[in-house]
Every structure is written in C-alpha cells, then in structure tokens.
Amino acid sequence: MTGETIALPRRPLWQEFYELTKPKVVMLIAFTAVVGMFLAVPGMVPWQPLLFGTAGIWLAAASAAAINHVIDANIDADMGRTMNRPLPTGSLTTRAALLFALGIGLLSMVVLVTLVNTLTAVLTFFSLIGYAIVYTVWLKRATPQNIVIGGLAGAAPPLLGWTAVTGEVHAHALLLVLIIFVWTPPHFWALAIARRDDYAKVNIPMLPVTHGVAFTRLHVWLYTVLLVLVTLLPFLTGMCGWVYLAALVPLNAVFLWYAWRMWRPPVQPNLPMATFRYSIYYLMLLFAALLIDHYVR
C-alpha cells in the first residue's frame, strides 16, 4: 500500500534462475508446440522429435524470457507486478542472468540442429530474436501496437512443433499460428488495462496508456469477435471435425461474454484480470480440443 517493495523469503538459487524463464508462460508455449507435433502426423509422434523438439523449443522460449528479464530489469523494479523478480530484488546479477539466457539459448540451437532439423532451428531462432530483441528492445517502447506486431513471434510454437516432426511448413500449421496471433491482443490488452498505471509510470506505450481504457476495451471486443471467426477455420477447412467444434462453441461463447462485458460499461474493477485469466484457459482448452479431435477422427 505504501509503494515499497515487499520483502519475500529468499528462494534457492536454482529457483531464481527458473523464475527467469517465466515457467508458466513457457509451459503454455511448449504445450502448443507439442500439439502442433501431434497434429502433424496421423499416429504417434516419433520419440526423437517429440523429446528433443520439445526440449529445444522450451529452452529457446526460456532463453527469450530470461533475456526479457535482463532488458526490462529497470522498468520491472518500478512496476508492482514485476518488482519481486530476481533482478529487481538483487537475487541474481545481470551478468549471471545474461550468461544463463545465452547459455540455454545456445543449447537450444545445438539440440535442434543436431537432433531435430535445421528448419526448426532457424524458425526457432527467429522467434527467439523476435521476442527477446525486436519486441522487448524496440516494439514494446515504440508503438501501442507493440503486442499486435510482436505477437507473431509468440504465435510460432505450433509451427515449430509441426516442422520438428515433418521438416516442412504446412498450411494447417500456419492456421494454428494465426489463431494464437489473433488471440494475443485481447489476452494481453486485458492485462494491460488492469496494469495501466504501472505501464504509464515507466513510459511504456501500451494501448490503454496511449489511447485510453475505453478505446482498448473496444479493441478487446473487436479482436475477440475476429478470434471467433478465425477459430472456425480449422473446422471449415476440414482440418478438424465435430469434436473440435463442440468444444469451440462454448469456449468462444464465454470469451465473447467476457469481451462484451469489458466493452459495455460499467466495467467491474476485477473484470480485466478475470478476462486475462480466462484467455489463458481458453487457449489451453482450444488446443486440447484440437488434439482430441485429431485422434478421435
């Protein structure tokens, strides 16, 4: 309440490094990548791309997250949501965090090149650079459309999983990328509304800071409507069947309900965070539905 940093019990050193990887975010990334692997084949995924592809993609995503911690350490220290991260609290030094990030990033490339395939390694490398450098260093501080443009890097994991198994880019894999790409703005803007004051304090031009909360709420609604249309494409193109559609209809209905309530005042104070949390479960359940439908068919 006073704005002072809350002193938390000191964690073991390994846990501080683990926190650098944004484990919950990376877990979702790895899950969508694994679903991409299973959707790429009619039967079981061969063990080598499943094991080493997942490991390589996970390490790359963890490396990008750790680099994000290093670059954003100064602003993290001034934001309530991030002030207890390992670098702002002094639990880890910048040098240690950077060496860790570069080390696991290099390891990811070695794993993917030697044990998976070069295409997956190249695409994963560009995804890592897209998030850790292009988004974090430039887009995040340059434009309120940062999360829209930069969202492409975060949408790549299903494609990476697909190429890890097949060694080629397929239209169905790109459709999975499109779903996450369109999902990202309403997901993140809901959080940005809830944390608007934090972003304003550190001069990060998130949409609710530059254009206001009402404008952002409208765009959460519009992007959610677009997401509903995009998520129908796997069914309409024959990629998925009725099991997927049966799961998709209630998932989309609830997301639309949250987005509608976000758009139409009065907006309850806890609604943006509730919308943000639902969006995470939404994506997990949608990809689970894709997987179940694939094997039921």
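Everything numeric in this text was worked out from a predicted model, so none of it was measured.

1. A word on the pattern of salt bridges
Stage number 1. In total, this model carries four salt bridges according to the counting rule given.
Stage number 2. Residue Lys140 is joined to Asp72 by a salt bridge in which the shortest nitrogen-to-oxygen separation is 2.6 Å. With Lys140 in helix 7 (residues 118–142) and Asp72 in the loop between helix 3 (47–71) and helix 4 (73–76), this residue pair connects regions lying 68 residues apart in the sequence. The burial state of Lys140 is the same as that of Asp72; both residues are buried.

2. Considering helix 13 (residues 213–231)
Stage number 1. For helix 13, built from 19 residues, the straight-helix expectation of 27 Å at 1.5 Å per residue is met to within 8% by its first-to-last C-alpha distance of 26 Å.
Stage number 2. Of all the positions in helix 13, only Thr216, Arg217, His219, Val220, Trp221, Tyr223, Thr224, Leu227, Val228, Val230 and Thr231 are classed as buried.

3. Describing the side chain of Thr21
Stage number 1. Residue position: Thr21 is located in the loop between helix 1 (13–20) and helix 2 (23–39).
Stage number 2. At a separation of 2.5 Å, a polar atom in the side chain of Thr21 contacts the main-chain carbonyl oxygen of Tyr18.
Stage number 3. Apart from residues no more than four positions distant in its own chain, Thr21 is found in contact with Val26, Ala62, Ala65 and Phe100.

4. Comments concerning the packing of aromatic side chains
Stage number 1. In the structure shown here, the tally under the stated rule is 16 aromatic pairs.
Stage number 2. With a centroid separation of 5.8 Å and 15 degrees between ring planes, the pair formed by Trp221 and Trp263 is classed as stacked. You can see Trp221 sitting in helix 13 and its partner Trp263 sitting in helix 15 (residues 242–263), a full 42 residues away along the chain.
Stage number 3. On the accessibility criterion, Trp221 (17% relative accessible area) is buried.
Stage number 4. A centroid spacing of 5.7 Å and a plane angle of 85 degrees characterise the contact between Phe255 and Tyr278, whose relative ring orientation is edge-to-face. Taken as a pair, Phe255 in helix 15 and Tyr278 in helix 16 (residues 271–296) lie far apart in primary sequence, 23 residues in all. No difference in accessibility class separates Phe255 from Tyr278, as the two residues are buried.
Stage number 5. Through successive ring pairs, a cluster of aromatic residues spans Phe255, Trp257, Tyr258, Tyr278 and Tyr282.
Stage number 6. Over the face of the ring belonging to Trp257 we find Arg261, whose NZ or CZ atom lies 4.3 Å from the ring centre.
Stage number 7. The residue whose ring lies beneath Arg264 is Trp263, and the NZ or CZ to ring-centre distance is 4.8 Å.

5. Quick look at unusual backbone geometry
Stage number 1. Cis geometry is adopted by the peptide bond preceding Pro266, which originates at Pro265 and carries an omega value of 0 degrees.
Stage number 2. Relative to the helices and strands, Pro266 resides in the loop between helix 15 and helix 16.
Stage number 3. Here Asn203, not a glycine, exhibits a phi torsion of approximately 60 degrees, which is positive.
Stage number 4. Assignment of secondary structure puts Asn203 in the loop between helix 11 (196–201) and helix 12 (207–210).

6. Description of the confidence of the model for the protein
Stage number 1. Mean pLDDT over the protein works out to 94, with 97% of the residues at or above the 70 mark.
Stage number 2. Note on residues 1–7: pLDDT under 50 across the span, and four contacts to partners over four residues away in sequence or across chains.

7. Focus: the packing of helix 10 (residues 171–194) against helix 15
Stage number 1. Look at helix 10 against helix 15: their axes get within 12 Å of each other, and the N-to-C directions meet at 35 degrees. The way helix 10 lies across helix 15 gives a crossing that is left-handed. For the pair helix 10 and helix 15, the contacting residues are Ile179, Trp183, Pro186, Ala190 and Ile193 in the first and Tyr244, Phe255 and Met262 in the second.
Stage number 2. Considering only residue class, the contact of helix 10 with helix 15 consists of eight nonpolar, no polar and no charged.

Procedures and definitions
Residues numbered from 1 in each chain as written. Predicted model: local features only at pLDDT ≥ 70, side-chain atom pairs only at ≥ 80, totals over all residues. Heavy atoms only, no water. Salt bridge = Lys/Arg side-chain N within 4 Å of Asp/Glu carboxyl O. Helix = DSSP H or I, 4+ residues; strand = E, 2+ residues; numbered from the N terminus. Buried < 20%, exposed > 50% of the residue type's maximum accessible area, 1.4 Å probe, protein only. Expected span 1.5 Å × (residues − 1). Polar contact = N/O pair within 3.5 Å; in protein donor to acceptor, adjacent residues only side chain to side chain. Contact = heavy atoms within 4.5 Å. Phe/Tyr/Trp six-rings, centres within 6.5 Å; stacked < 30°, edge-to-face > 60°. Lys NZ or Arg CZ within 6 Å of the ring centre and 35° of its normal. pLDDT = per-residue confidence, 0-100. Axes fitted to C-alpha atoms, helices over the stretch in contact; angles between N-to-C directions. Left-handed = near helix turned anticlockwise from the far one by under 90°. Nonpolar A, V, L, I, M, F, W, Y, C, P; charged D, E, K, R; others polar.

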